[in-house]
Structure formats: structure tokens, C-alpha cells
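Here is how the chains run, residue by residue.
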Amino acid sequence: MVSWSKIVVLVPPLLVLAGCDPFAPSNPESPSNTREAVVAGTPADVERELGHSFTTRDPLLWGDVTGETLRLVQSGDSLANSAFLKCVQNEIFGATGDTAAIVWKATYAPDAGASVADVVVAKVDYSITKGSATKIFGVARWTISDVNTLGWELVRWEDLSESKSGLFAYCKGGEN
Amino acid sequence: MDGFDSSRVQLVADRQQGRTLLRHRLALVRATDAWSLRVLDTSLFRYAGTPSVLSGETFLQTGWLQRPDSGWSASWRLWNRADGLNAPVASLGENAWRQTGVLRGSLGDSAWATSFALGGLAERSDPGSASQGIRSDEPPARGVRGAGVWAWEGTWVGFSETPTRVAAHWNDLLGGSELRQANIGFEGAVQASLTGNDRDTIRLEVSADSTRVRSDYFLFDRADAQRGARASWFLPAGKQSWNATGGVWKGVSRDFSGRNSGLTKNGIDVSVGVEGPLAWGLRHSQIFGRIEEDRVWKSAPSGNLLVDEMSAAQDRRDRDRITELTLSDTLAWRTGNWRGLGVALGLSQSLRSIRHPSNSSPVPADRPDEDIARKQLSVLFKSDAVLWGDRPTFSWTTMTQEDVYLRAVHSFNSWSRDENRLALNLAVPIAEVARPNLAGWAREQRDSWRFQPGKRKGRLEFGATLGGEIGPVDAPWASVQWTRWQVKSGAVVGGSFAPDQIQDVWNPEVRGFVRCNESLRFEPWSNLYLERVESWTGKNWSMGMRSRVLRSGADMVSESRQGGLALSVGHVWSNPGEDAWIGSLSARYAW
């Protein structure tokens, strides 16, 4: 005869093994538009998340990993943050209905000589492909900072002088 | 008998980090055949800041009891508070007192007792320019307020066959609308055997308690009420023991100061457990429980109709319905052979569900519908040969926790955690002169977010403490302790940790014991706390915060049958931080 004690000991693990789990949580609904700010834990995360913001056309993610004073500069000329953001949103992310895939590729190399504990300078060889044509590519020097911010943020994007097809040339052309 | 005297006084002064704490405690008991008197006086004052300000509280309680069989007693209690004494602006200082005095008469025997009390309650406030009123929109009270106090209480204990106890009390104020202090309560319990042969025990309890307090001294104006009933049944069946309990309760709280929301809770809980021996020396225990609770919030009225309407609408959306399901399974085996070995396997599972049935379309600011599921499996190994107190010799715990937000507006934050813990505790006495022990631990956590596949975080922690006492058990010469732990935190990439911060802590401690004679001993001590934090810049590790705190000093303890004196003096060297002297003086005397 099977005793009560054996039933009590054996039934709970058997239920779990059988996939009948009364302690499992319910399935959640798919998220609506709500989102959580992305915090870059390392300077390299800034490059990854910024690339992700291009491929997903997500201006909020772009804002998460860029500083409020971000400037785009090249050879002494510069674009203010508002003009830079306008260029990225309107010219690269594109208007509603623009579904051409955006591909971001980059190699990220921190510059040890110019970096201190909370400010990192890195050389980024990047390309942005929209649709089938690679329109924007070049080499940039990024300044990434963790001073008084929640996580690391890009505060300066300097296209090096040899980048004739870089983001600065693209955005400056659009501005003109 | 001539009676007896027993009196104790204790004074303590502590100086730490620019702050001085002064405490005292005085207890007097004087008893004769005709009466007894008890006095308890305590205080705590702080002296801190620049320039230093003195603040603190005192409490005095005296009780006088006429011969026990006369049934007459009296008591007086005094609370006193002073803040901001010696403040640079004199108007910042405030003080207040509150006192109650009652005369009590009681009668009864071993089966029943009742008592009546009559007295008075008074409060006085002398507020400063920074003092607050009970309501934030009211000025602080000033002057003396008083009221009469009356109280009644009664108990009855009866029936030897089915032990029963019933008790009730009621106290309230007479007059004085600015002061409130009322409490009414009832409790009853009965114990019996359902099977009639006294092998099982069933116990039924009911209770109710309501309190209303408005006091300028305590800055309270609130009412709290609880009532509930509970039944528990213990039944041995063969070698197994069953235990079932169940209860219902209701709790209401209202805060009339306007600072906190009121809350009404209704709940019911049941629990069933069974434990006993199995074959091959195994023992088992299973406990199943379920709790259901409804919570209804009520915002404090503001006086503004529109604001109150909006608060009421929010209260309706916030109404919580909580259910919790728990199951704990334990399987253990222990033998007296091989110098005492034991193994225990424990599995515990729980699911806590929070729903808001009155809120069909939540917004981000509303309380979320949530399921929190936990599963934990533990393996414990014990050996009497190397046992360190009650600590398991070796243990491994693995657990998972899923925190799921069900509604679309919150579900983005759904996350889960996988955690593993290892612990090792060894005590290995060497002859009679050294008792070394070792504790080691390690823990890893991995957090992931259901709707954010790229977001994963991890934490890896490990550490050890090695130390022990040297010398005979009853008169050790020295104790030494060395502790080190490291915490790595950061992202999880693939299945591996990619830490971006490492915290490294070293904490050696040493203490010596020098006995000058039977009553006087001297203990020099020192401990060092070293902490380093390194951060990953993306290319290399960058040294972040470094902290070093060295404390060294000596304690002198003198103890006799009547009194004791303990003096501790030390110095702290902090980097970063300021070096400082620390000290403590404690004196006690009994007569």
C-alpha cells in the first residue's frame, strides 16, 4: 500500500517534472511604447548602442548614449547638437515610410595616450549603409565621457580631415 | 522579612566621528512587606554639529504598589524631549514633555481579575522656529493641554478540560479635544481535542484591537484597528505529524495628519504541513501555504474638492489583490556514525501575484500587475568533526527569480535572476591552545530582461575569513581575523561575465587579552579596512576609488560584583577622510 508520506514527498517533484508548475508566472503582454533608458556601462557600449540606434532608427536610444552638448566637428568647423540631431533624424533615419535598411559597421579603438579615468578618446572607423548604397563612411575621433552622467556618453564626434565622405560632410551638405 | 533594595545605575559616553552620545539608565527597587516602589529613568542625548548642538530625550517611569493583596497601585510616566539646545539661533531650540499618572485598583483570584484606573494626561510644547505641527498646514502646538484618563481591564481563565482565556480592556480620555488616547481590545482563546483522546490539539483564537492617538508630543494623529480569528490543528497520524492552520484578518489604519494614505487590509491564509520519518533514516517535511489579501488605499482629504476627487480615482486604481502560494519540501538524513554526518536537501517554491482588478487600463504611473516567482534548491552538508556553531560545513544554493509585469504598459521591465551560492565553514581545534576557523563564500548572479535581449547584467562575489583564538578557552591570549572579498559587476556577454567594475576589500583584525588580576583586564586592538575599486575603460583597468581606514586602540575593563568600568580609547586614520580620536566610557554600579 502506498503511504500518505510517500505521496506527499513524491508528488511535488513529479508535478514539476511533468511540466505542471503552479508556481510559474503568467505570460506578460507585449510591451507598449514604454521604454527604459539605456545606460552605457563601458565606452565600448556607447559604440554598440549608437550603432543599434541607427539600425533601429531609434532617436531615444541615440539620446541615451549621447551628451546634451554633443557636437560634430571637422577641421575647425562644427555643427551644434540640434543641427547634428536634426541631420541624423531627418536625413539618415528618414521620414515615415522610409523602410530602407540601415547598417552600421565600425571598428572601435580606444586611444590610451589621450584617455583618463572618466574621459576616453577613441578612434572609430565607421560606415553607414542605407538601402544598397554606402553613402557615409570615414574615420572619426570620439570623446566619450562619464563625468556627472548616468553611464558613458558620446560628447564629441570629430571627423578626421581625410574623411571626405564622413558624417560631417554629409550633414554639412544637407544643412547647405 | 524586612524587604529588599536593589538599585543599578549605568552611564555611557561615546565619541565617534565628531558626535558624542550620552546615555544613562537608573533602576531602583525598594520593597517592604507593606509596599514596593520601582523607578526607571533613562536618557539619550546627542551632541553634534558645528557649532555643536545638544538634542535628546529622557523617560522616567515610577510605580508604587501597596501590599499585593490590597490591590492598589499608582504609576507616573514622564517623557521629555529637547532639541537644538545651544543652537546658534536660539529660536531653533524646542522642548516638550508628556506625562501620565494613574491610580489603579484591582481585585480577583486565580480564575478571574479586573482592574480600574483613574488619572490624568498632560502635554506641554514649547516649539522652535523649525518645529512642525501635526498637520503640515497647521502651526505647531504651544502651551499645556490636559485631560483625565480612565481605564478598565478584565481577564478570565477557566475550564481545565478545555483551557480557555478571555481578556478585554478599554481606556479613554475625559475631556480635552486636542488630545486623544483611546484603546479598546478583546482577545479569547480556547484549546481542545477534536478526536477526544487528547492525541490531537485544536486551538481557536479571536482578537480585536482599536487605537486612536492624537499627540503633539509624538506628532501623531491616527487611528489603527485590527481584528482577526485563527484556528490551528495538530494531529499525529502514525509516525507522521500533520499541522493545519488558517486565519482571517482585517486591518484599518487612518492618518489624520494628512501625511500618509489610509489603508484597509482584508486577508485570509491557510497552511498545511506534514513531517516525519521515512525509510533508511531519512526525514521529510512539507509545508504548503496560501495567502490572499485585499488592500484598499484612502488618500488623506486635502480640503480641495478637485484634488480629493483625483485622489479618490487614483485610490480606486491602486486597489491591490495579492495572492501568495508557497511550498517548501525538505529531505534530510543524519547519522551518528563517522563522527556525526548530516545531509539536507531543501526545495522551496513560491508565487506572489499582485493584481489591480479596478484598473482595466493602467498607465505607467499606476501600480503594476506583477507575478514574482521564486524557486530555490539547497544542499547542506554538516560534519560534527569540523562544526563551527550552527553553520553548515558546506552548502550550495541555486535559485531563480522571475519578476514579470503583466500589462503592456509595464511589461518592458520584466526581468529574471539566476543565482548560485557556495559556502564553506570549518572549525578545527588544535589541541587546547588554538581554535582556528575558516569561512569561504562565493556567489554569482545573472540578471536578464525578457523584452530587452541585449541587456544582461552579472555580479560575481567571493571572499574568505580566516582566523581564530589562541590560548586556553576560558582565558585566550589573542584573537586574529583576516577577511578578504572581491565583487565583480558588469555585463554578461554570451554566457560569460564581462565585469566593468571590481571592488577589492581587505580587512585584517587583531585583539590581545591581558589579564592584570581577577577584575581588571586590558585589550589592545587594531583593524584595517582597505578598499580598492577598479573600472574598465574599454581598453584597460583604471584605478577608481581607494579607501584606507586604520583603527587602533585599547580597551580597559574592570569588573566587580557590584560595579564595572569600561574605557575604550582609539585613533582612526582615514584616507580619504579625517583622522580622529574615538572613545567610549561606560560605568555601572549596583547597590
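Residues numbered from 1 in each chain as written. Chains lettered and ligands numbered in written order. Predicted model: local features only at pLDDT ≥ 70, side-chain atom pairs only at ≥ 80, totals over all residues.

## Focus on the overall build of chain B
For clarity, the cut-off: What counts as a helix is a DSSP run of H or I of at least four residues, what counts as a strand is a run of E of at least two, and both are numbered from the N terminus. Burial is judged by counting the other C-beta atoms within 10 Å of a residue's own C-beta: 20 or more makes it buried, 12 or fewer makes it exposed, and any count in between marks it as partly exposed, with every C-beta position built from the backbone. By definition, residue pairs are in contact when their C-beta atoms, positioned from the backbone, come within 7 Å.
Per the secondary structure count, chain B includes 2 helices and 29 strands. Principal axes of the C-alpha set define a box for chain B whose edges measure 75 × 70 × 65 Å. Expressed as a percentage of its 591 residues, the buried residues of chain B come to 9%. When contacts within chain B are restricted to residue pairs at least 6 apart in sequence, long-range pairs at least 24 apart make up 50% of them.

## Looking at the overall build of chain A
Across its full length, chain A carries 5 helices and 6 strands. Along chain A, helices (α) and strands (β) appear in the sequence α-α-α-β-β-α-β-β-β-β-α when read from the amino end. Residues classed as buried in chain A amount to 32% of the 176 residues present. Excluding contacts between residues fewer than 6 apart, the proportion of contacts in chain A whose partners are at least 24 apart in sequence is 55%.

## Some words on the pairing of strand S14 (residues 262-277) of chain B
Residue and element names in this part refer to chain B. Note the threshold: For two strands to count as paired, DSSP must find a minimum of two bridges between them.
With 13 bridges connecting them, strand S13 (residues 240-255) and S14 associate as antiparallel partners. Bridging from a neighbouring strand, Lys250 pairs with Asn266 of S14. Between S13 and the antiparallel strand that follows it, S14, lie 6 residues; Gly258 among them carries a positive phi value of about 80°. Alignment of S14 against strand S15 (residues 282-298), held across 16 bridges, turns out to be antiparallel. Bridging from a neighbouring strand, Gly273 pairs with Ile287 of S15. As consecutive antiparallel partners, S14 and S15 are separated by 4 residues, and within that stretch Trp280 has a phi angle of approximately 60°, a positive value.

## Focus on the pairing of strand S23 (residues 478-493) of chain B
Residues and elements named next belong to chain B. Here strand S22 (residues 452-470) pairs with S23 via 14 bridges, running antiparallel. Its bridge partner lying in S23, Leu460 is registered against Lys488. Alignment of S23 against strand S24 (residues 496-512), held across 16 bridges, turns out to be antiparallel. Residue pairing for S24: Thr483 is matched across the bridge by Asn507. Counted between consecutive antiparallel strands, the loop separating S23 from S24 contains 2 residues, among which Gly494 sits at a positive phi close to 65°.

## Topic: the environment of B:Val473
Residues and elements named next belong to chain B. Tracing the backbone shows Val473 in the loop between S22 and S23. Judged by C-beta crowding, with 10 C-beta atoms within 10 Å, Val473 ranks as exposed. When the C-alpha atoms of Val473 and Val12 are compared, they prove to be 30 Å apart, with 461 residues separating the residues in sequence.

## What to know about the nonpolar core
The condition is simple: Throughout this description, the term nonpolar core refers to a group of buried Ala, Val, Leu, Ile, Met, Phe, Trp, Tyr and Cys residues whose C-beta atoms join them within 7 Å.
Of all hydrophobic cores here, the largest spans 31 residues; its most connected members are A:Leu154 and A:Cys171. Broken down by element, the residue count for this core peaks at 5 residues, all from strand S4 (residues 119-130) of chain A.

## Regarding helix H2 (residues 43-55) of chain A
All names here are of chain A. Rules: To estimate the expected span of a helix, subtract one from its residue number and multiply by 1.5 Å.
Along its 13 residues, H2 runs 19 Å from first to last C-alpha, staying within 8% of the 18 Å computed at 1.5 Å per residue. Within the span of H2, buried status applies to Pro43, Ala44, Asp45, Val46, Glu47, Glu49, Leu50, Ser53 and Phe54. One or two residues past the end of H2 sits Arg57, with phi positive at roughly 55°.

## Observations concerning the interface of chain B and chain A
Selection rule: Any residue that is not Ala, Val, Leu, Ile, Met, Phe, Trp, Tyr, Cys, Pro, Asp, Glu, Lys or Arg is counted as polar, Gly included; the first ten are nonpolar and the last four charged.
With 38 residues of chain B at the interface, the matching set in chain A holds 27 residues. Of all elements in the fold, only S14, S15, strand S16 (320-335), strand S17 (341-355), strand S18 (370-383), strand S19 (394-405), S23 and strand S27 (541-559) of chain B reach the threshold of two or more residues within the side of chain B that touches chain A. Looking at side-chain class alone, the side of chain B that touches chain A contains 16 nonpolar, 15 polar and 7 charged residues.

## Observations regarding helix H4 (residues 81-93) of chain A
Residues and elements named next belong to chain A. We count it as follows: Throughout, the arc means the angular range of directions from the helix axis out to the C-beta atoms.
Of all the positions in H4, only Phe84, Cys87, Val88 and Ile92 are classed as buried. Each buried residue of H4 lies within a common arc of 95° when the element is viewed along its axis, so the set occupies one face. Facing away from the buried side of H4, by more than 90 degrees, are the exposed residues Ser82 and Asn90.

## Here we look at unusual backbone geometry
The omega torsion of the bond from B:Asn575 to B:Pro576 falls at 0°, within 30 degrees of zero and hence cis. Note on placement: B:Pro576 falls in the loop between strand S28 (563-575) and strand S29 (580-590). You will see that A:Arg57, though not glycine, has its phi angle at about 55°, which is positive. Inspection of the secondary structure puts A:Arg57 in the loop between H2 and helix H3 (59-64). Of note in this structure, B:Leu219 is not a glycine but carries a positive phi near 55°. Note that B:Leu219 resides in the loop between strand S11 (201-215) and strand S12 (220-237). Take B:Leu219: there are 16 C-beta atoms within 10 Å of it, and that puts it in the partly exposed class.

## Re the environment of B:His410
Residues and elements named next belong to chain B. By the element assignment, His410 lies in the loop between S19 and strand S20 (415-427). In this structure, the C-alpha to C-alpha distance between His410 and Asp369, residues 41 residues apart in sequence, is 8.3 Å. Once residues lying within four places of it in the same chain are set aside, the contact partners of His410 are Pro368 and Tyr405.

## Some thoughts on the confidence of the model for chain B
Keep this limit in mind: Each residue carries a pLDDT score, the predictor's confidence in it, ranging from 0 to 100.
Averaged over all residues, the pLDDT of chain B is 90; the fraction at 70 or higher stands at 99%. For this predicted complex, the interface confidence reaches an ipTM of 0.76, while the overall pTM sits at 0.75.

## As for the environment of B:Gly440
Its place among the elements puts B:Gly440 in strand S21 (residues 434-449). With 15 C-beta atoms packed within 10 Å, B:Gly440 lands in the partly exposed category.

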